[in-house]
Each structure stands twice: as structure tokens, then as C-alpha cells.
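Residue-level listing of the chains:
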Amino acid sequence: MKNKETFLQKGWVIALLAMVCCFLWGSAFPCVKIGYELFHISAEDIASQILFAGARFTLAGILAVAIGSFLSKKPLFPQKTSWGMVIKLCLAQTVIQYLLFYIGLANTSGVKASIVEASNVFLSILISALLFHYEKLGMGKIVGCLLGFAGVVLINLNGTGISGSVTLLGEGFIFLSTLSYAFSSVLIKKYAQLENPVTLSGYQFTLGGIIMSIVALAMGGRLHGFTLRSTMLLVYMALISAVAYSLWGILLKYNPVSKVAVYGFMNPVFGVILSAVLLKEQNQAFTVQGLISLILVCVGIYIVNKDFSKETNEKTAGINISAS
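Residues numbered from 1 in each chain as written. Predicted model: local features only at pLDDT ≥ 70, side-chain atom pairs only at ≥ 80, totals over all residues. Heavy atoms only, no water.

Novice: Honestly, the confidence of the model for the protein chain in this entry has me stumped. Any pointers?
Specialist: A low pLDDT means the predicted coordinates there should not be read in detail. In the predicted model, the protein chain carries a mean pLDDT of 82, and 85% of its residues have values of at least 70. Ranking the helices and strands of the protein chain by mean pLDDT puts helix 9 (residues 197-218) first, with 94, and strand 2 (residues 161-162) last, with 46. Predicted confidence is poor over residues 316-324, with pLDDT under 50, and the contacts of this stretch with residues over four places away or in other chains come to zero contacts. (pLDDT = per-residue confidence, 0-100. Helix = DSSP H or I, 4+ residues; strand = E, 2+ residues; numbered from the N terminus. Contact = heavy atoms within 4.5 Å.)

Encoded structure:
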């Protein structure tokens with residue numbers, strides 16, 4: 001167990017696994033919009049958007065539990081005391097976050113959504129430090145957060161200020177979904193000390209997906225256009241959640257929130273590139289303004305990591321002084 005903990009705390013392991021998660025999450029932006037097209041879901045059809053999300057996460061939960069059970073060589077079931085945690089995560093990480101996310105993504109571009117979603121990084125750090133007191137909020141983290149926020153704002157600016165295309169149902173809902181995700185990240189950090197992160201992810205996804213599907217069906221939501229291509233897309237999107245959230249939860253269990261969450265700034269990098277390629281949004285992705293936005297969030301990664309390293313060195317120095 002100690003060897004596993006030490007291995008998962010290595011810098012290159014954190015970076016590698018976090019980048020895999022970010023690539024998967026980045027690919028979700030264009031995939032959701034492609035899914036709307038394949039399943040004939042319009043921007044106004046909120047009920048079908050929710051049903052699409054519900055089907056994805058129900059399948060994601062089943063896959064997470066199945067894969068986790070196979071790797072553990074035993075069935076994964078939450079402890080009796082863990083069901084409250086599952087329900088809270090289900091609401092924060094799946095139901096609320098993705099209700100807002102799917103509606104928001106239908107009313108904005110994949111590129112803009114991927115940049116706005118990057119705000120979950122500094123929101124997670126702020127919530128972890130200020131509300132849960134899991135770590136200190138150093139000046140480097142503050143500066144990194146501000147740079148990340150500047151990148152989020154810049155992508156929504158044009159020559160006259162805030163773009164006229166910014167709406168509550170679009171960019172507004174995407175931002176609110178990131179706030180819900182930020183809270184769920186800190187909750188995962190807390191709950192993963194008491195329960196297997198894969199078990200938490202699998203069961204909260206399944207429960208959340210079922211709730212969303214029931215709500216959507218009651219609202220009149222329907223999915224049409226099941227073909228091999230659309231079905232494979234749905235399975236891939238389920239795997240995005242099953243794999244990425246399980247890996248992310250494991251990293252959060254063994255590492256400080258800021259050290260893991262900061263890599264989330266890579267989500268817009270992958271999101272912009274993949275949206276540009278798959279959604280033909282090159283005009284928005286590869287402008288000077290878009291590139292500056294990405295530079296700002298990437299600099300934010302460096303500064304937050306540097307601040308974390310400084311904090312760790314100070315703690316080590318304090319221990320050595322005490323020991324002497």
C-alpha cells in the first residue's frame with residue numbers, strides 16, 4: 001500500500017495520468033456537440049440533451065464498476081456508511097454539473113466552452129484552501145488563479161468588450177457547472193480517504209445517470225438516430241467519464257488538490273485543438289486572442305506548481321529544523 005501511495009505521488013506519474021484525464025475531458029467538448037448532431041438533438045431540446053447525458057453517465061457508472069471489479073478481482077460495492085457520500089457526489093459531480101454543462105454546451109461553441117470550463121482549476125484550489133482548509137493559499141496560487149481567470153475572460157472578449165454571444169444559458173451555465181465540479185473535486189479528496197475512488201465514481205455516475213434519465217423522460221426527452229457510429233460515440237463518451245474520473249479520484253486521494261487540479265488547465269488546450277479539428281472551429285481557436293488565452297492558462301499551471309513546490313520545500317525545511 002505504501003509503495004502504491006509513493007508511486008502515485010511521483011511528479012511524472014501525476015503529470016502523465018492527469019494529462020490522460022485532460023485529453024479525455026478535452027475530447028468531450030466536440031464529442032457532445034457531435035452527439036447532438038448524430039442523435040438529432042437541437043439546441044432548444046433541453047429534455048433530450050439531459051436524456052443524452054443520463055444515458056452516457058448510467059453507462060459510465062456500469063463500466064467503471066465493471067472495470068474496477070475486474071482489476072480488483074472482486075465485485076465493488078460501497079460500504080453501508082458510504083451511500084451518503086455517493087449521493088452527495090452524485091448531485092454535485094453528475095446531476096447538477098452536467099445538467100448545466102449539457103444545456104450550456106448546446107448554446108455556445110466547443111472552443112469557448114472548453115476555455116470557460118478551465119475555471120474549475122482555480123475554483124477547486126480556492127475552495128480547497130478557503131472553505132476546507134486542506135492547504136495554504138500562497139501568493140503563487142493566487143497569481144496562477146488570476147492568470148487562469150484572465151484566460152477564461154479573454155476568450156469571451158472582442159474589440160468592444162464582452163462578446164454579444166455570451167448568454168446565461170450558454171457560457172453562464174458552463175461556468176456554474178464548473179463551480180459544481182470544483183466542490184465535487186474537494187469532496188472526492190475527502191471521501192476517497194474512506195472509500196475506494198473507483199467505487200465512488202462508478203456508483204455516483206450510475207445513480208446520477210438514472211436520475212437524469214428519469215427527469216428527461218418525464219420532460220418528454222427522446223433519443224433518435226441509433227447507428228453504429230452514434231452508439232460507438234456514446235460508449236466512448238461513457239469511457240471518458242469512467243476512466244478519467246476514476247483516475248482523477250485516485251490522484252486526489254494521494255495528493256493535495258492543488259497539485260492535481262492545476263493540470264486541469266490543460267483541458268482547454270486539448271478542447272481547443274480537438275474542437276478546431278472536429279468541429280471546424282479553426283477561426284475561433286487559432287486567433288491571436290485564443291492563443292493568448294491558452295498561454296495565460298498554461299503560465300497559470302507553471303506558477304501554481306512552482307508555488308506548491310516552494311510550500312513543500314518550506315515544510316521540509318521546517319521539519320529538518322525541528323529535528324535538529
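This is not the end of the story, as more comes after the structure.
Novice: Help me understand the nonpolar core in this model?
Specialist: The nonpolar side chains of soluble globular proteins are, as a tendency, buried together. By size, the foremost hydrophobic cluster in this structure holds 79 residues, and its most contacted members are W25, F52, F101, Y102, W248 and F265. Broken down by element, this core gets its largest block of residues, 13 residues, from helix 2 (residues 11-38). If sequence neighbours within four positions are ignored, F101 has contacts with F29, V32, E117, I174 and S177. Counting residues in each nonpolar core, the second largest holds six residues, with L8, V13, L76 and V198 among its members. (Core = buried A, V, L, I, M, F, W, Y, C linked by side-chain atoms within 4.5 Å. Buried < 20%, exposed > 50% of the residue type's maximum accessible area, 1.4 Å probe, protein only.)

Novice: Just to check I follow, could you spell out empty space enclosed by the protein for this structure?
Specialist: Any space left empty among the atoms is revealed by the rolling of a water-sized probe across them. Overall, the coordinates contain two cavities of 30 Å³ or more when judged by the stated rule. The volume enclosed by the largest cavity comes to roughly 150 Å³. What lines the largest cavity is W25, A28, F29, R56, Q97, Y98, F101, E117, N120, Y181, Y245 and N267. Taken together, the elements giving at least two residues each to the lining of the largest cavity come down to helix 2 and helix 4 (83-105). Within this model, the second largest cavity holds a volume of roughly 30 Å³. Forming the walls of the second largest cavity are L89, I188, P197, L200, S201 and G249. Broken down by element, the lining of the second largest cavity gets its largest block of residues, three residues, from helix 9. Residue composition of the lining of the second largest cavity, grouped by class: four nonpolar, two polar and no charged. (1 Å grid on protein atoms, 1.4 Å probe; cavity = no way out; pocket = protein on both sides within 12 Å on 5 of 7 lines; lining within 4 Å. Points joined across faces, edges and corners; volume = space filled by probe spheres on them. Nonpolar A, V, L, I, M, F, W, Y, C, P; charged D, E, K, R; others polar.)

Novice: Before we go on, may I ask you to explain the side chain of S177 in this structure?
Specialist: Topologically, S177 is positioned in helix 8 (residues 168-191). At 2.6 Å, the side chain of S177 and the backbone oxygen of I174 are in polar contact. In this view, S177 contacts Q97, L100, F101 and E117; residues no more than four positions away in its chain are not counted. (Polar contact = N/O pair within 3.5 Å; in protein donor to acceptor, adjacent residues only side chain to side chain.)

Novice: Even after reading the chapter, I still don't get the layout of surface pockets, so can you show me in this structure?
Specialist: A volume near 440 Å³ is recorded for the largest pocket. Counting residues per element, the ones that place at least two in the lining of the largest pocket are helix 3 (46-72), helix 9 and helix 10 (228-254). Broken down by element, the lining of the largest pocket gets its largest block of residues, seven residues, from helix 10. Grouping the amino acids of the lining of the largest pocket by side-chain chemistry returns 14 nonpolar, four polar and two charged.

Novice: Teacher, can you tell me more about the packing of aromatic side chains here?
Specialist: A ring pair, where both rings are aromatic, is described by two values, the distance of the centres and the angle of the planes. What the rule picks out here adds up to 13 aromatic pairs. With centroids separated by 5.9 Å and ring planes inclined at 85°, the aromatic side chains of F7 and W12 adopt a geometry described as edge-to-face. On the numbers, 4.3 Å between centres and 50° between planes, the contact of F57 with Y98 is tilted. In this pair, F57 is assigned in helix 3 and Y98 in helix 4, connecting sequence segments 41 residues apart. Y98 shares its class with F57; the two are buried. Connected via pairs of aromatic rings, a cluster forms that spans W25, F57, Y98, F101, Y181, F205, Y245 and W248. (Phe/Tyr/Trp six-rings, centres within 6.5 Å; stacked < 30°, edge-to-face > 60°.)

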